[in-house]
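Fold and geometry: a report
Each chain, letter by letter, is given below.
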Amino acid sequence: MIETMKNTAFLLAFIVMVISGFSQALRITPTDLKQLSGMMAGEYSSEKQAATDSAFLHIKLSMTPVLKENPDGYWLYVEQAMASAADKPYRQRIYHLYIQDDTTIISKVYELKNPQQYTGGHDDPSKLAVISADSLVDRQGCSIYLHKTGKKTFEGSTPGKACLSSLRGATYATSEVTISRGKMVSWDRGWNREDKQVWGAETGGYIFLKK
């Protein structure tokens, strides 16, 4: 009886230890931040997904390092456009990556004043060289909180309903992202006051493969 109780207690302790190990967030280091920035930078396309699922469009996405002289984390110029109209991007942003705490990386989102002047900047660095703090408009509430979920995988999302949006009748937007080597899955959606989706993909995120 005593031996059985000991074995049961040991088994319970082992289960608790395993569960605790799974639930513990992976720690973030400056090396992780640098790795994430390098993984995000580059040219992407959703062409493969669009070819097999008509619910998704062929989108081109580029992320280009900027503000390299700024030591506060890493900065990326982000341009997103339909492949059929690559010279007319529908989204231009600046992402600022920095460590918030030992388990969280923030991707802070900024809009650009006069974004048209930076169009095609991923192919023409001179266009991006003039970006400064005065060029940016803070999209408050739209930062993505990223966590390390594997050796080369990061996942995150915007917080609750904090990212306000008026696009197509929305009152707020949400973004979920998974970043791994050579691949990024991004799911952006807009929601109205009744929490009903009014824009964005419905079945899952866009799958962008790095060229």
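Residues numbered from 1 in each chain as written. Predicted model: local features only at pLDDT ≥ 70, side-chain atom pairs only at ≥ 80, totals over all residues. Heavy atoms only, no water.

A few words now on unusual backbone geometry. Even without being glycine, Leu 67 reaches a positive phi, approximately 50°. You can see Leu 67 is positioned in the loop between strand 2 (59-66) and strand 3 (74-82). Within the chain, Arg 168 stands out as a residue other than glycine whose phi angle is a positive 50°. Following the sequence through the fold, Arg 168 ends up in the loop between strand 9 (163-164) and strand 10 (172-180). (Helix = DSSP H or I, 4+ residues; strand = E, 2+ residues; numbered from the N terminus.)

If you walk through the whole model with that rule in mind, you get 8 salt bridges. For Asp 188, the salt bridge identified is with Arg 91, shortest N-O distance 2.7 Å. Placement of the pair is Asp 188 in strand 11 (residues 183-191) and Arg 91 in strand 4 (residues 91-101), with a sequence separation of 97 residues. Each member of the pair, Asp 188 as well as Arg 91, carries the same accessibility label: buried. (Salt bridge = Lys/Arg side-chain N within 4 Å of Asp/Glu carboxyl O. Buried < 20%, exposed > 50% of the residue type's maximum accessible area, 1.4 Å probe, protein only.)

Let's shift gears to the side chain of Ser 62. Residue position: Ser 62 is located in strand 2. Judged by relative accessible area, Ser 62 falls into the buried class, the value being 2%. A distance of 3.4 Å separates a polar atom in the side chain of Ser 62 from a polar atom in the side chain of His 122. Setting aside residues no more than four positions away along its own chain, Ser 62 makes contact with Gly 42, Glu 43, Tyr 77, Val 78, Glu 79 and His 122. (Polar contact = N/O pair within 3.5 Å; in protein donor to acceptor, adjacent residues only side chain to side chain. Contact = heavy atoms within 4.5 Å.)

In this section: the environment of Met 82. With respect to the secondary-structure elements, Met 82 resides in strand 3. With 21 residues separating them along the chain, Met 82 and Leu 61 place their C-alpha atoms 8.9 Å apart. Each residue touching Met 82, except ones within four places of it in the same chain, is listed here: Leu 57, His 58, Ile 59 and Tyr 90.

Quantified by volume, the largest pocket comes out at close to 1000 Å³. Per-element accounting of the lining of the largest pocket gives the leading share, 6 residues, to strand 10. A breakdown of the residues in the lining of the largest pocket according to their chemical character gives 25 nonpolar, 10 polar and 7 charged. Lining of the second largest pocket is provided by 13 residues; of these, Glu 43, Lys 60, Ser 62, Ala 86 and His 122 occupy positions nearest its centre. Secondary structure elements with two or more residues in the lining of the second largest pocket: strand 1 (42-45), strand 2 and strand 3. (1 Å grid on protein atoms, 1.4 Å probe; cavity = no way out; pocket = protein on both sides within 12 Å on 5 of 7 lines; lining within 4 Å. Points joined across faces, edges and corners; volume = space filled by probe spheres on them. Nonpolar A, V, L, I, M, F, W, Y, C, P; charged D, E, K, R; others polar.)

Before going further, it helps to examine the packing of aromatic side chains. Applying the stated rule across the entire model yields 4 aromatic pairs. Taken together, a centroid distance of 4.9 Å and an interplanar angle of 85° make the contact between Phe 56 and Tyr 206 edge-to-face. Here Phe 56 is found in the loop between helix 3 (47-52) and strand 2, whereas its partner Tyr 206 is found in strand 13 (residues 206-210), with 150 residues between them in sequence. Taking the centre distance of 6.0 Å and the plane angle of 20° together, the rings of Tyr 206 and Phe 208 count as stacked. (Phe/Tyr/Trp six-rings, centres within 6.5 Å; stacked < 30°, edge-to-face > 60°.)

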